[in-house]
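Structural overview for review
Here are the chains, one letter per residue:
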Amino acid sequence: MSLATPTVILIALLSLLLVSPPSPPDLPAGSPSEENPDPPRDRAQEEEGIEIQGFVEGRYIVRFKQYKHGREHKLALEEQLGAKEKKGWKWIERNNAAAAYPTDFGVLQIHSDGLIDEIENLEFVKDVSAEARYSRALLFNKEIKNSNKNGCSDNAKKGPGKIFTRMSYEGGIDNNGTVNWGRKLFMQRSQITSMFGAEKLWGKGFTGSNIKMAIFDTGIRADHPHFRNIKERTNWTNEDTLNDNLGHGTFVAGVIASQDMQCLGFSPDSEIYAFRVFTDAQVSYTSWFLDAFNYAIATGMNVLNLSIGGPDYLDRPFVEKVWELTANKIIMVSAIGNDGPLYGTLNNPADQSDVIGVGGIDYSDHIASFSSRGMTTWEIPHGYGRIKPDVVAYGREIIGSKISTGCKSLSGTSVASPVVAGVVCLLASVIPENIRWDILNPASMKQALVEGAAKLGGPNMFEQGAGRVDLLESYEILIKYKPRASIFPNILDFTDCPYSWPFCRQPLYAGAMPVIFNATILNGMGVIGYVESEPRWHPFDEVGNLLSIHFTYSNVIWPWTGYLALHMQIKDEGAQFSGLIEGNITFTVVSPPAKGENNLRKSLCTLSLKLKVMPTPPRSQRILWDQFHSIRYPPGYIPRDSLDVKNDILDWHGDHPHTNFHGMFDMLRDAGYYVEILGSPFTCFQASKYGTLLLVDLEDEFFKEEIDKLQDDVKNHGLGLIVFADWYNVETMVKMKFFDDNTRSWWTPATGGANIPALNDLLKPFGIAFGDTILNGAFSLVGERSHYASGTDIAMFPEGGFVHRFSFEDNYNNSTAHNLLQAAGMVKAEYPILGILELRDRSTRIAVYGDSNCLDTSHMVINCYWLLRKLLDFTSQNIQDPMLFAPSSRLASPLVRDGAFPVRREDVNLSTYSSVINRELVCRNDARFEVLGANGYDSHATWRNRKLPGIPNIFLEQSPKGTKPSMPFDNTSVSSNSNEGMSNVFPSLESDLTDEKTKAITENEKTLFNPTMVDFELGQSQGLKKVDKQSLEIFFPQRNISVNISRRRHHTKMDLLGWLNRDEISTHKTKDKHLRDTPL
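Cut-off values and rules
Residues numbered from 1 in each chain as written. Predicted model: local features only at pLDDT ≥ 70, side-chain atom pairs only at ≥ 80, totals over all residues. Heavy atoms only, no water. Helix = DSSP H or I, 4+ residues; strand = E, 2+ residues; numbered from the N terminus. Buried < 20%, exposed > 50% of the residue type's maximum accessible area, 1.4 Å probe, protein only. Contact = heavy atoms within 4.5 Å. Areas by Shrake-Rupley, 256 points an atom, 1.4 Å probe, with all protein chains shown as cover. Pairing = 2+ DSSP bridges. Polar contact = N/O pair within 3.5 Å; in protein donor to acceptor, adjacent residues only side chain to side chain. pLDDT = per-residue confidence, 0-100. Axes fitted to C-alpha atoms, helices over the stretch in contact; angles between N-to-C directions. Parallel < 35°, antiparallel > 145°, perpendicular 65-115°, else oblique. Nonpolar A, V, L, I, M, F, W, Y, C, P; charged D, E, K, R; others polar. Left-handed = near helix turned anticlockwise from the far one by under 90°. Disulfide = S-S within 2.5 Å.

Turning our eyes to something else, we now look at the overall build of the chain. In terms of regular secondary structure, the chain is built from 24 helices and 44 strands. Burial status across the chain gives 67% buried among its 1080 residues. The contacts in the chain between residues at least 6 apart in sequence include a share of 77% that link residues at least 24 apart. Summing over all exposed atoms, the chain offers an accessible surface of approximately 35,200 Å²; the carbon and sulfur share of this is 48%.

Written as structure tokens, this is what we have:
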């Protein structure tokens, strides 16, 4: 791509990424009001024609600990703060349908940062965050014609502080992701309802009657002829209309409940409640959503469709409100996202365990190219993600209702989501009304869907979840359903490929890092429960005793769901074993008795394992992947590795071998290499076991102990080292700023594509350093066509090393000298980008390369798997490719580039996101069990009570030197083959209590159905740090369940109900606006 100047490049980049759609027609920009004030504007960008929208100046959301009417919250603030006019704050009235009900937040106009801190410190205030505005342009018609192969528009706009997922698509989309406009709207195909056999249930008299269906979208018209039961329409926007003027909300409603014979919905008699939460310009505010959610709870909605989503799972107000909604028995269905075929692209809230996340397939049962796929990335780097989506449904060329009359087709997961929502409404209506909501809840409905789903033959578990929704099978499950708990998935079979990818690609073997599998507990017995006793491993034969499993799981299962994580190692005595290990894991879930019952509800859950085991491979075939030093969005602005990507500037796909590096993982397995994951510092592995340590696209800093150990490992213990870096240029990062709605500040990248200053510190002992150029272009190496995408150069390399140079243009160099050369047509120069080093009798082997995009499937132009294989052959087996080791590439003298090396930014506090800065060096949850909680293999373990960032407390007692530390027994982490408990070993999604399990939830349902304070006694184990009791007020207005926590939820520990208040969230304060993206 040829560009005129770096200034033009950056202006174009910012204009594409940072400009939001215009304000609504009736409230144009420049016309501030209480309902829609203008955001601040940067004059320099304004002169360039760049309009930054998103921050609502001076307006903040104040969340309270209790639900009260707005006037009561207002009076409480006035009592504490004094006269509002003199104190610089003003209460913003919200005149909408929720105003008649108690609320847990208020919107204030505040003009002093000091006042914000004062408000946040009030006893009855939970937290304060900026009111955020967000928007999204519909990718319809002419915009989608300009879409790239990934389905996103080249001129798609990004709102400040939040990346947005793609809308549903109008017209057909071929399997390769391109749009086919030649297809007719109505094709010779059955109705979508017929594809699932809905007619059979209609014939039995089930049509979704008396089911309250909430549709959060762009509204619907009252007189639309396709709907027979539009019960209520509410407008939560600042526009004076209830109508849908865009068509998306109408289409979603039609898939669910249309009665038109040309585009039938699944549940035509369901009661439609249309929540208009987006304006005609696809704009919404945090407060609109929170009010609308509260209203859905207060009015007793049964099912709620959210064809919206985004990657920010650290958006606390939204995540917590979703938990509250599902705790009130509202069954939420949400689109998983349209960011496929990329891995690690799951959208929130569909990635939450209490929400039914829906992916899309075509009519041939192939995963739609646009459908996002797993795993979840909440748990990375110290754990492993869960399976999502939960199920898939047809989402390509689905026929639904037009805005006023007639039918049209759309594609996208926002179309697949209402397909499942319609199925849910229809299924709900089959349960007799007198017992319907005693049986149905978010967990029982998900159980019916995942257990009834048809597993597809080609896709893996992170693409299809449980499989394609099967309406009739789920019906059979529901009509016989008795409240119970279950585990999803209930089978992990290493022999079932490709479904069990990546587990089926690599057997277990002795001496490896633990293999982690994270399953979801579904508790259909009640909104709250716990695991009664430790999970147990029951091998089918004696060889099963070679497997060592440590378990971590939710202390409290709430709302409706929890997690069970397996951390599996083969014992040393199994080093030569080859074969299968089979058996079951069992545990019991307990919930309070239902109304009219006297005894606790209990349910036995079983997870079946079938694991392949092989002899430990030789060192030369084992690769250790560094996950520990990877940082990605959220919570910080971590930019994409390729600056050529204009529509996806944030690095949010996980950077894991099983997400956006999955192609590389498969290639390495095909080549006979075994890939293990390190989520702990370098001190936590033994170099003698591995041929190569692989460092790719790293953003974090390094402990000094890591730098020292790596130098020793490489120079003295034969460990090979390969580094794939990325761009780093401070001037470019400064120019990539945008205004963040939550932090009330301009955001610039916390680092570049990689943290080059940190990597240079790591490589300094070897005389190697990267530069700060940003290079792009095609080249050929060893006869292979290659592409450099925003990579960097090598600035220093020792004498005797092999360095390969290629001609590139440094497009982001803005120096005067560079501009003069560019004007003269002399901008291209040769830059060293690949360096290979061998020292000390061929025992020290290092390779460095300046770009990782050729390994990353997110935005890869051409892969460089061939290069990685050749480098691994060298670092692990000392096999030297003649072309890479050509004498002409050998340095006769050290390479040292003129000028200073890249420096760290002084205006960015990386410690906010880092696992290293201001943290203790400790072997974390993924390390081998013998060093868990210690500093590493080569240093004496420091056993102490401490809170690790982002994971539960580890309580370890002081042990004499040379002895194995004693570990107090704790149910949250249990060794399957030992009488010793290992306390809080591994976090998984929504890590719950940091302390011991709840001993009893013994109050009977009669007591719970009164506004009674329930005291949960926390069990104490000898040697454990004493913790205060948590008191929960659980009250049930009508049939709803609402939960208040008696202390501030943003405390650094998790509270009893499992609120997502991890250390990192408390520290980061979410670092992003509390906004939802527009419909997918």
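Hydrogen bonding along the main chain pairs the strands of a sheet, whether they run parallel or antiparallel. The sheet built from 3 strands is open, its strands ordered S33-S36-S40 with antiparallel pairing. Because the sheet does not close on itself, it has two edges, and the strands there are strand S33 (769–770) and strand S40 (895–896). Here 2 bridges tie strand S36 (residues 794–797) to S40, and the two strands are oriented antiparallel to one another. Considered in S40, the bridge of Phe797 is made with Leu895.

Once that is clear, we can look at the side chain of Thr552. For Thr552, the position within the fold is in strand S23 (residues 547–553). A polar atom in the side chain of Thr552 sits 3.1 Å from the side chain of His567.

Moving on, we get to the pairing of strand S39 (residues 844–849). In terms of burial, S39 is a largely internal element, 6 of the 6 residues being buried. The pairing of strand S38 (residues 828–839) with S39 spans 6 bridges and is classified as antiparallel. When the bridges of S39 are listed, Glu838 appears paired with Arg845.

Do not read the predicted coordinates in detail wherever pLDDT is low. Of all residues in the chain, 73% attain a pLDDT of 70 or more, and the chain-wide mean is 78. Taken together, the stretch residues 1–55 has pLDDT below 50 and engages in 136 contacts with residues farther than four places along the chain or on a different chain. Counting contacts from residues 136–164, a segment whose pLDDT is below 50, to residues more than four positions away or on other chains yields 110 contacts.

Turning our attention to the packing of helix H10 (residues 286–298) against helix H11 (residues 316–327). Interaxial distance between H10 and H11 falls to 10 Å at its minimum, and their mutual angle equals 10°. The angle between H10 and H11 places the two elements in the roughly parallel class. When H10 is examined against H11, the residues Phe289, Leu290, Phe293, Asn294, Ala296 and Ile297 are found in contact with a partner set consisting of Pro317, Phe318, Lys321, Glu324 and Leu325. Counted by class, the contact of H10 with H11 contains 8 nonpolar, 1 polar and 2 charged residues.

Running from amino to carboxyl end, helix H12 (residues 413–428) crosses helix H16 (residues 471–479) at an angle of 35°, the nearest separation of the two axes being 10 Å. At the point where H12 passes H16, the crossing takes the right-handed sense. Contact residues: H12 offers Val423, Leu426 and Leu427, while H16 offers Leu471, Ser474, Tyr475 and Leu478. When the residues that make up the contact of H12 with H16 are grouped by side-chain class, the tally is 6 nonpolar, 1 polar and no charged.

What follows covers the state of the cysteines. Tallied over the full model, the rule gives 4 disulfides. Here Cys497 connects covalently by a disulfide to Cys504, the sulfurs 1.9 Å from one another. An S-S torsion of about 90° defines the bridge between Cys497 and Cys504 as right-handed. Judged by its relative accessible area of 42%, Cys497 falls in the partly exposed class.

Along the polypeptide, Val931 turns up in the loop between S40 and strand S41 (973–975). Residue Val931 is classed as buried on the basis of its relative accessible area, which comes to 4%. In the structure, Val931 is positioned 247 residues away from Cys684 in sequence and 6.9 Å away in space, judged by C-alpha atoms. When sequence neighbours within four positions are dropped, the list of residues in contact with Val931 reads Cys684, Cys923, Gly936 and Tyr937.

Inspection of the secondary structure assignment puts Gly835 in strand S38. Spatially, the C-alpha atoms of Gly835 and Pro798 are 9.6 Å apart, while their sequence positions differ by 37 residues. Apart from the residues lying within four places of it in its own chain, the contact partners of Gly835 are Ile794, Phe797, Phe802, Val803, Ile846, Ala847 and Val848.

A word on helix H14 (residues 442–452). With 10 of 11 residues buried, H14 is to be regarded as a mostly interior element. Those residues of H14 that sit buried are Pro442, Ala443, Ser444, Met445, Lys446, Gln447, Ala448, Leu449, Val450 and Gly452. At the N-terminal boundary of H14, the capping side chain belongs to Asn441, with an oxygen 2.9 Å from the backbone nitrogen of Ala443.

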